[in-house]
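Commentary on secondary and tertiary structure
Now for the letters of each chain:
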Amino acid sequence: MSAWRRAGLVTASLTALAACKQQPVQVSNTETSDYGREQLLQAVAQFVAAERTPVAYAALSKRIFELVPTMDKTVANEAELKLTVLALAPMRAAQDQPIEEQAAALATTVWPTAFADRPLATTQLRAAEGQSAEVWPRAYETPRAYALRVCAGPLSQVCRDTVPEQHDALLLAHAVHRFTERARSAVSDCLSCSTDPSWRAAVRGWDELDAATNSWVHEVEKRGLPSNWPVAGPAAEPDAELPHLELSELGEFLVDSRPLSRHRRHQELREALRGSPEVALHVRPDTTLARLRELAHELRKLGVTSIALVSRDAKYPWSRRLYRLSLGRGRRVTARGNDTVQILLQQIDPNGPGVTQLD
């Protein structure tokens, strides 16, 4: 049985239950006598038949919102119930994957429905029309481009004040929270749902995902603050693909956000460098030049001849920029050991791009 099928066992039973218990509203002499409910159920059946994948969910959501102009309030409420409960399966199926893989699968397929306004009956549309248009992905928009755009615009309060590397995690957490709140509300408003525990099970499933994301989202927000990097000036150069090291707040090297092993420090550093003579180094702007020189001395023993100090543009999207510091020859600047890295960069900036001698 596939991961999508296993993750969707609860929601499959909920779909069948909903199809049986909800009765269509009959209006004679119109082409949409049931206010789009039959087409809604057909779209749900197609989603289930497609094994509840993210792509299938995107098609379901698109079809439901196409039907909104035909809906009355009862069918709109049922559509909201379907959208929020059925989203649980693809979200659960991806939850153990790395954040980057979750974003690749869900960012332009499932998350946008969470960010959008709920489906409303035709009589309710006038007040809400156009409010959430910008959260829908554009044609051929990649997950990365989508995240950058919505973080700059409709979801700016969620992720604009963090660097792009953390956008995926913050958007995931926001999508889970939105789905959780909406599913809870939809099930509470459904009179026929009170007699079957499966609906409450779906809400508990969302609550579990929401609790899981809440356990790490604040740390992500903290790590993604642009103030954790020096501010780039006119001497900063474009980013480049280099081995990357980070200096933690406690002053220890991090590789892939993990501290080095006490007993394998030298070996793990060598593995992280992959034989490169240049390394990108992220240190806080208040790191002293004396500490930076200590790090450079250790790296030089491993064959590093140049450090690309990572900085950030002063405004969104906080793009990475590099200052190249030579561990041998290069331009010299006057800097004292107790000067901070940010002061060092300000002394480099008047000279424009180029290699500055660190020692």
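Structure's up top.
Residues numbered from 1 in each chain as written. Predicted model: local features only at pLDDT ≥ 70, side-chain atom pairs only at ≥ 80, totals over all residues. Heavy atoms only, no water.

1. Some details on the nonpolar core
- Counting 57 residues, the largest nonpolar core has Met-91, Trp-111, Phe-115, Leu-171 and Trp-206 as the members making the most contacts within it.
- Examining the composition of this core, we find that nine residues originate from one element, helix H12 (residues 167–189), more than from any other.
- Aside from chain neighbours lying at most four places away, what touches Trp-111 is Met-91, Gln-102, Ala-103, Leu-106, Asp-168, Leu-171, Leu-172 and Ala-175.
- Counting 32 residues, the second-largest nonpolar core is a separate cluster that includes Ala-235, Leu-289, Ile-307 and Leu-358. (Core = buried A, V, L, I, M, F, W, Y, C linked by side-chain atoms within 4.5 Å. Buried < 20%, exposed > 50% of the residue type's maximum accessible area, 1.4 Å probe, protein only. Helix = DSSP H or I, 4+ residues; strand = E, 2+ residues; numbered from the N terminus. Contact = heavy atoms within 4.5 Å.)

2. Re the pattern of salt bridges
- Tallying each qualifying case throughout the model produces 25 salt bridges.
- Arg-184 is paired through a salt bridge with Asp-207; the nearest N and O atoms lie 2.6 Å apart. Taken together, the residues span a long stretch of sequence, with Arg-184 in helix H12 and Asp-207 in helix H13 (residues 197–214) at a distance of 23 residues.
- On the basis of relative accessible area, Arg-184 is assigned to the partly exposed category, the value being 35%.
- The class for Asp-207 is partly exposed, based on a relative accessible area of 29%. (Salt bridge = Lys/Arg side-chain N within 4 Å of Asp/Glu carboxyl O.)

3. Some points on the state of the cysteines
- Summed over the entire model, instances satisfying the criterion amount to two disulfides.
- Each sulfur in the disulfide pair Cys-151 and Cys-159 lies 1.9 Å from the other. Its torsion about the S-S bond being -105°, the disulfide of Cys-151 and Cys-159 is classed as left-handed. Both residues of the pair, Cys-151 and Cys-159, count as buried.
- With a sulfur-sulfur separation of 2.2 Å, Cys-190 is cross-linked through a disulfide to Cys-193. Taking the torsion about the sulfur-sulfur bond, which here is approximately 80°, the covalent link between Cys-190 and Cys-193 counts as right-handed.
- Disulfide connectivity for the protein chain, with bonded cysteines indexed by sequence position, reads 1-2, 3-4. (Disulfide = S-S within 2.5 Å.)

4. Observations concerning helix H7 (residues 99–106)
- Among all positions of H7, only Gln-102, Ala-103 and Leu-106 are buried. The buried residues of H7 all sit within an arc of 100° when viewed along its axis, so they share a single face. Exposed side of H7, more than 90 degrees from the buried face: Glu-100 and Ala-104 are the residues found there.
- Along its buried surface, H7 packs onto helix H4 (54–67), helix H6 (88–94), helix H8 (111–115), helix H10 (143–152) and H12. (Arc of directions from axis to C-beta.)

5. Details of the packing of aromatic side chains
- Summed over all chains, the structure comprises four aromatic pairs.
- Considering the side-chain rings of Phe-47 and Tyr-57, the 6.0 Å spacing of their centres and the 75° angle between planes classify their relative orientation as edge-to-face. Highlighted residues: Phe-47 in helix H3 (residues 37–49) and Tyr-57 in helix H4, separated in sequence by 10 residues.
- For Phe-47, a relative accessible area of 1% corresponds to the buried category.
- For Tyr-57, a relative accessible area of 0% puts it in the buried group.
- Here the aromatic rings of Phe-179 and Trp-206 are separated by 5.0 Å at their centres, their planes lie at 25°, and the arrangement is stacked. Of this pair, Phe-179 sits in helix H12 while Trp-206 is found in helix H13, placing the two residues 27 residues apart along the sequence.
- One aromatic cluster is present, built from ring pairs that chain together Phe-47, Tyr-57, Phe-179 and Trp-206.
- The cationic tip of Arg-312 hangs over the ring face of Trp-229; the distance from NZ or CZ to the ring centre is 4.2 Å. (Phe/Tyr/Trp six-rings, centres within 6.5 Å; stacked < 30°, edge-to-face > 60°. Lys NZ or Arg CZ within 6 Å of the ring centre and 35° of its normal.)

6. Things to note about the side chain of Ser-276
- Within the secondary structure, Ser-276 is located in the loop between helix H15 (265–273) and strand S5 (278–282).
- Judged by its relative accessible area of 15%, Ser-276 falls in the buried class.
- Leaving out residues up to four positions away in the same chain, Ser-276 has contacts with Pro-243 and Val-304.

7. Re the pairing of strand S7 (residues 320–326)
- Here S7 lies mainly inside the structure; six of its seven residues are buried.
- As paired strands, strand S6 (residues 306–312) and S7 are joined by seven bridges and run antiparallel to one another. Looking at S7, one finds that Ser-311 is bridged to Arg-321.
- As defined by bridge partners, S7 adjoins strand S8 (residues 356–357) across two bridges and the pair is classed as parallel. Considered in S8, the bridge of Ser-326 is made with Gln-357.
- Crossover handedness for the path S7 to helix H17 (residues 341–348) to S8: left-handed. (Pairing = 2+ DSSP bridges. Right-handed = clockwise from strand over helix to strand, strands pointing away.)

8. A closer look at the packing of H7 against H12
- Two elements in contact, H7 and H12, have axes whose closest approach is 9 Å; the angle formed by their N-to-C orientations is 60°. Here H12 runs oblique to H7, going by the angle between their axes. Classified by chirality, the crossing of H12 by H7 is left-handed. Across from Ile-99, Glu-100, Gln-102 and Ala-103 in H7, the residues of H12 making contact are Asp-168, Ala-169 and Leu-172.
- Tallied by class, residues from the contact of H7 with H12 come to four nonpolar, one polar and two charged. (Axes fitted to C-alpha atoms, helices over the stretch in contact; angles between N-to-C directions. Parallel < 35°, antiparallel > 145°, perpendicular 65-115°, else oblique. Left-handed = near helix turned anticlockwise from the far one by under 90°. Nonpolar A, V, L, I, M, F, W, Y, C, P; charged D, E, K, R; others polar.)

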